[in-house]
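Structure at a glance
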Amino acid sequence: GDSVTQMEGPVTLSEEAFLTINCTYTATGYPSLFWYVQYPGEGLQLLLKATKADDKGSNKGFEATYRKETTSFHLEKGSVQVSDSAVYFCALRTNTNAGKSTFGDGTTLTVKP
Amino acid sequence: EAQVTQNPRYLITVTGKKLTVTCSQNMNHEYMSWYRQDPGLGLRQIYYSMNVEVTDKGDVPEGYKVSRKEKRNFPLILESPSPNQTSLYFCASSPWTSGRADEQYFGPGTRLTVT
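In what follows, the accompanying structure is described. (Residues numbered from 1 in each chain as written. Chains lettered and ligands numbered in written order. Predicted model: local features only at pLDDT ≥ 70, side-chain atom pairs only at ≥ 80, totals over all residues. Heavy atoms only, no water.)

This next bit is on the pattern of salt bridges. In the structure shown here, the tally under the stated rule is nine salt bridges over all chains. One salt bridge connects Lys49(A) with Glu103(B), and the closest N-O pair in it is separated by 2.7 Å. One end of the pair, Lys49(A), is in strand β6 (residues 44–50); the other, Glu103(B), is in the loop between β9 (87–94) and β10 (105–106), on a second chain. The class of Lys49(A) is partly exposed, set by a relative accessible area of 30%. With a shortest N-O distance of 2.7 Å, Asp84(A) and Lys77(A) are connected by a salt bridge. With respect to class, Asp84(A) is no different from Lys77(A); both count as buried. Connected via shared salt-bridge partners are Arg36(B), Asp38(B) and Arg44(B). (Salt bridge = Lys/Arg side-chain N within 4 Å of Asp/Glu carboxyl O. Helix = DSSP H or I, 4+ residues; strand = E, 2+ residues; numbered from the N terminus. Buried < 20%, exposed > 50% of the residue type's maximum accessible area, 1.4 Å probe, protein only.)

Now for the sheet that holds strand β3 (residues 19–25) of chain B. Residue and element names in this part refer to chain B. If you walk across this open sheet you meet the four strands as β1-β3-β8-β7, and the pairing is antiparallel. The open sheet has two free edges, formed respectively by β1 (4–7) and β7 (65–66), since each of these has just one partner strand. Strand direction decides the pairing type here: β3 and strand β8 (residues 76–78), joined by three bridges, are antiparallel. The partner of threonine 20 across the bridge, within β8, is isoleucine 77. (Pairing = 2+ DSSP bridges.)

With that out of the way, let us pick up the pairing of β1(B). Residue and element names in this part refer to chain B. The alternating pattern of β1 places Val4 and Gln6 on a buried face, while none of Thr5 and Asn7, on the opposite face, is buried. As paired elements, β1 and β3 share four bridges and run antiparallel to each other. Opposite valine 4, over in β3, you have glutamine 25 as the bridge partner.

Counting residues at the interface gives 27 residues for chain B, matched by 22 residues for chain A. For the chain B and chain A pair, buried surface summed over both sides reaches about 1,800 Å², with 49% attributable to carbon and sulfur atoms. In this structure, the connection of chain B to chain A is made through two salt bridges. Viewed at the interface, chain A and chain B are joined by 11 residue pairs in polar contact (both at pLDDT 80 or more). Secondary structure elements with two or more residues in the side of chain B that touches chain A: β4 (31–38), β5 (42–51) and β9 of chain B. Within the side of chain B that touches chain A, the residues separate by chemical class into 12 nonpolar, nine polar and six charged. (Contact = heavy atoms within 4.5 Å. Buried area = accessible area lost by both parts, 1.4 Å probe. Polar contact = N/O pair within 3.5 Å; in protein donor to acceptor, adjacent residues only side chain to side chain. Nonpolar A, V, L, I, M, F, W, Y, C, P; charged D, E, K, R; others polar.)

Residue and element names in this part refer to chain A. In strand β1 (residues 3–6), alternate side chains face the same way, and those of Val4 and Gln6 are buried while those of Ser3 and Thr5 on the opposite face are not. The sheet contact formed by β1 and strand β4 (residues 23–26) spans four bridges and is antiparallel. Along β4, the bridge assignment pairs serine 3 with threonine 26.

Residues and elements named next belong to chain A. Of note, threonine 107 is situated in strand β12 (residues 107–112). Classification of threonine 107 by relative accessible area gives buried; the value is 0%. At 2.9 Å, the side chain of threonine 107 forms a polar contact with the side chain of glutamine 6. A polar side-chain atom of threonine 107 sits 2.9 Å from the main-chain carbonyl oxygen of methionine 7. When residues no more than four places from it in sequence are discounted, the contact partners of threonine 107 are Gln6, Met7, Gly9, Val11, Ile21, Ala86, Val87 and Tyr88.

So this is what it looks like as structure tokens:
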């Protein structure tokens, strides 16, 4: 079956530090890849996505590139802010079975001023 | 405003007392899904629906039921709740276009405690 493996957390950084959260996947079909963010007390919201190999998704200073050869979709941000403190989820859906959604375990990011 | 709503947001109940968590979306999405979120386990899919009257099991369907009689609503039913169903539950929806796996829109969550 499909699976998503995320870098274990929690991650604590100082403001303006560089962020990387690793995500690798296995999929039986051709997946679309997503990063969702969950702020405290809220539901998940889409942060960025990529639907084919070598696509780069970007939003709010975050970026992730769909790497088919390494089956990875690592999330990066050059300079984090306190307001980026949240839980980040990597996820996939495949066109062949779009009903099923697979999420990673989530990575908690805390940014200290 | 485009949104997914869930009710109730918080619920404390006792073992065996049937309950329903409602989910409604106003975006005319074909696809809807339920997830539970537990510490260290991420989100796990319970059930999903590709359209009205079409539902299918996710990874952890045991102890849950769903129905999709209308496009906008997708209630989650616990016929006989047990303490291991204490969790944070999310409903989500997305458009469904053949050949595309789109992003999902999530509700605010329902925190359920079963004693």
